[in-house]
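# Working through the structure, step by step
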Amino acid sequence: MAYRWTNDLTHADVTPKAAFLNRRQLIAGTVGLGAIAAGLPAVAQDALEPNSLEDITSYNNYYEFGTGKSDPAQNAHKLEITPWSVKVDGLVDNPGDYSLEDLLAGLTVEERIYRFRCVEAWSMVVPWNGVELADILNKVGVQSAAKYVAFETVVQPENMIGVQRRVLNFPYVEGLRLDEAMHPLTIMATGIYGEPISKQNGAPMRLVVPWKYGFKSIKSIVRITLTDEEPPISWNVANPREYGFYSNVNPEVDHPRWSQATERKIGGGLFAKREPTLMLNGYADEVAGLYTEMPLNDYF
Amino acid sequence: MLRMKDRINSALRRVPAWTLYIVFAIWAAWEFWKALTGVGPYAVEPINVLEREYGEMALKLLVAGLLVTPVRQWFGVNLVKFRRAIGVTAFFLVLAHFLVFAILDVQSLERVWTEIVKRPYVTVGMLSFVGLIPLALTSNNWSVRKIGAATWRKLHKLTYPVAVFAAIHYLWLAKGFQIEPLVYTAIIVGLIGWRYWPKRAVPTPAKAPLSN
């Protein structure tokens, strides 16, 4: 089931990590991206330029570790990730507590360079490493009655300052419709830039659903439940008027408190320009078919 | 205690009020410079950090302005001569906050207008900003003489709704249950409520109405 989707950018085109780490200096020196691109093989037409590892690991929303964007980078080191066990239950053939190693054993880890669009109207491009969620689900055996997949984030109150402050009702929970979960674009990420995923980014394993707002891509998963009912999702529980179950990226449906028509890519400095947000975050060709029965502007 | 209070007051007398303008002008420029060069918290997303930095400092100054009277009553420490500079500085920081929002964040006049009309939290923020304009314009001795001290004082009670709108603005833009905006709101509402709360400690003649 792996390799059902390939990056716009092939692996050979990816700028080495060291170059990305120096990217800011290069821009500051007005050399610009053209110079970097010139030294590399031809880049695909609409190639995505991944953010630096520094951007990706220092600007995060992970409310269990505080509400500030730099709080997770400061506080997430307390998260204990070894050993890591994932409970798989509900409408599955092989329920149980899986060690992370067992859950992922035999599955193919791929690199996926995805746009990542936060509901707060900022975005990044992240080179994830992960497995297709469909591979995990097929491994545990989804029963025919299952229609949804629910996910749950770990709660370690003594290690998580935001849990103590009850910013949300923890544990953080999320969910997908089964066809969304089985879609080739949907992955469980375990790495970024070829290295184990950092704790502030959701170590040791997180969901990535690139056509939905970032909060759908739940971090540090300890439970996967197959159900026949739409599961509750944390932000919808906290504020149903503002956050829907689907939360597909949609420039035409504004969040009640801010516009979703444009976004600002992180890492562009003090004068970074806003760019138009793409329908389904630029993945309409791949996933629009999932929603033909459903008016996207109503099911936000 | 008494000697401590007197020592503080005499020390304060030696500090000119304009010091505040200098200090906050340098502070604002320093933050802008850090945002421009991507230092520390500005490394990844400088625009929102700068926007928030200016806005939060303005809110702190509004609270400081509201504290001047109670601090004198409770502790006998006299900060009255700084109050004008505190208020005018708050206005300039709100202006800076608005300019970062309009020019660097939203980046188009049309979208700024849409945001003001469409987003309640921006609307109350703008109300707060607009309310500060007549206060900043009349924060000089000439204006006090021109409109008369009584009218001037009445006009400057606008500070109360300005501070309340600023608190609502902060409350409204937070996601989830966050402590800081609630703390600011409680302090601001408390400081305004204190002014209108009948003071039992002041013995009043039997038939005289309560006055503030």
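Sequence positions are assigned chain by chain, starting from 1 and proceeding in written order. Here every chain gets a letter starting at A, and every ligand a number starting at 1, in the order they are written. Local features in this predicted model are restricted to residues whose pLDDT is 70 or higher, and side-chain atom pairs enter the listing and the counts only when it is 80 or higher, whereas totals over whole chains, interfaces and linings include all residues.

### Considerations on the overall build of chain B
Broken down by element type, chain B carries 10 helices and 0 strands. Along the three orthogonal principal directions, the C-alpha set of chain B runs to about 60 × 40 × 40 Å. Within chain B, buried positions represent 27% of all 212 residues. Here, residues touch in the contact sense if the C-beta positions derived from the backbone fall within 7 Å of one another. Residue pairs at least 24 apart in sequence account for 66% of intrachain contacts in chain B once pairs closer than 6 positions are excluded. A run of H or I in DSSP becomes a helix once it reaches four residues, and a run of E becomes a strand once it reaches two; helices and strands are each numbered from the N terminus. Each residue is classed by its C-beta neighbour count within 10 Å, where at least 20 other C-beta atoms makes it buried, 12 or fewer makes it exposed, and intermediate counts make it partly exposed; the C-beta atoms are placed from backbone geometry.

### Remarks on the overall build of chain A
For chain A, the helix and strand inventory stands at 11 helices and 12 strands. Expressed as a percentage of the 300 residues in chain A, the buried residues total 43%.

### Overview of the pairing of strand β6 (residues 173-177) of chain A
All names here are of chain A. When you tally the buried positions in β6, you get 4 out of 5 residues, the bulk of the element. Pairing between strands requires that DSSP locate at least two bridges from one strand to the other. Bridge count between strand β5 (residues 148-153) and β6: 5 bridges; the pairing is antiparallel. Each residue of the ladder has a partner; that of Tyr148, found in β6, is Arg177.

### As for the nonpolar core
All names here are of chain B. Buried Ala, Val, Leu, Ile, Met, Phe, Trp, Tyr and Cys residues form a nonpolar core when they are connected through C-beta atoms within 7 Å. Residues Ala58, Leu62 and Leu93 are the most contacted members of the largest nonpolar core, which totals 106 residues. The greatest single-element share of this core, amounting to 12 residues, is contributed by helix α4 (residues 80-106). What Leu62 contacts, discounting residues up to four positions off in sequence, is Ala90, Val162, Ala163 and Ala166.

### Focus: unusual backbone geometry
All names here are of chain A. Put simply, Phe170 and Pro171 share a cis peptide bond, and its omega is 5°. Relative to the helices and strands, Pro171 resides in the loop between α8 (161-164) and β6. Residue Ala203 is joined to Pro204 through a cis peptide bond whose omega torsion reads 0°. Summarising the element assignment, Pro204 is placed in the loop between β8 (195-196) and β9 (206-208). Its identity is not glycine, yet Ala121 carries a phi of approximately 75°, on the positive side. With respect to the helices and strands, the residue Ala121 is situated in the loop between β3 (110-117) and β4 (122-132).

### With respect to the environment of Asp105(B)
All names here are of chain B. As for its placement among the helices and strands, Asp105 is situated in helix α4. Taking the C-alpha atoms as reference points, Asp105 and Ile47, separated by 58 residues in sequence, lie 6.4 Å from one another. With sequence-adjacent residues up to four places away left out, Asp105 is seen in contact with Ile47, Glu51 and Val100.

### Things to note about the sheet that holds strand β10 (residues 221-227) of chain A
All names here are of chain A. One open sheet accounts for 5 strands, arranged β2-β1-β10-β5-β6; its pairing is mixed. The open sheet is flanked by β2 (96-99) and β6, the only strands paired with a single partner. For this sheet, the mean angle separating the axes of adjacent strands, direction not counted, is 20°. Here an angle of 0 to 180 degrees is reported between the N-to-C directions of two axes, which are lines fitted to C-alpha atoms, with helices fitted over the stretch in contact.

### Considerations on the interface of chain B and chain A
Opposite the 18 residues of chain B that make contact, chain A presents 24 residues. Where the side of chain B that touches chain A is concerned, the elements lending two or more residues are α2 (19-37) and α3 (46-75) of chain B. When its residues are assigned to classes, the side of chain B that touches chain A shows 12 nonpolar, 4 polar and 2 charged. Throughout this entry, Asp, Glu, Lys and Arg are counted as charged residues, while Ala, Val, Leu, Ile, Met, Phe, Trp, Tyr, Cys and Pro are counted as nonpolar. The remaining residues, Gly among them, count as polar.

### What to know about the confidence of the model for chain B
Residue and element names in this part refer to chain B. Looking at chain B as a whole, the pLDDT averages 93, with 93% of positions reaching at least 70. How sure the predictor is of each residue is captured by pLDDT, a score from 0 to 100. Between the elements of chain B, mean pLDDT differs from a low of 88, seen in helix α1 (residues 2-13), to a high of 98, seen in α2. Among the scores for the predicted complex, ipTM is 0.81 and pTM is 0.85.

### Brief notes about α2(B)
What a helix should span is 1.5 Å times the count of its residues minus one. An ideal rise of 1.5 Å per residue puts 27 Å on 19 residues; α2(B) measures up with 27 Å between its terminal C-alpha atoms. Along its buried surface, α2(B) packs onto α3 and α4 of chain B.

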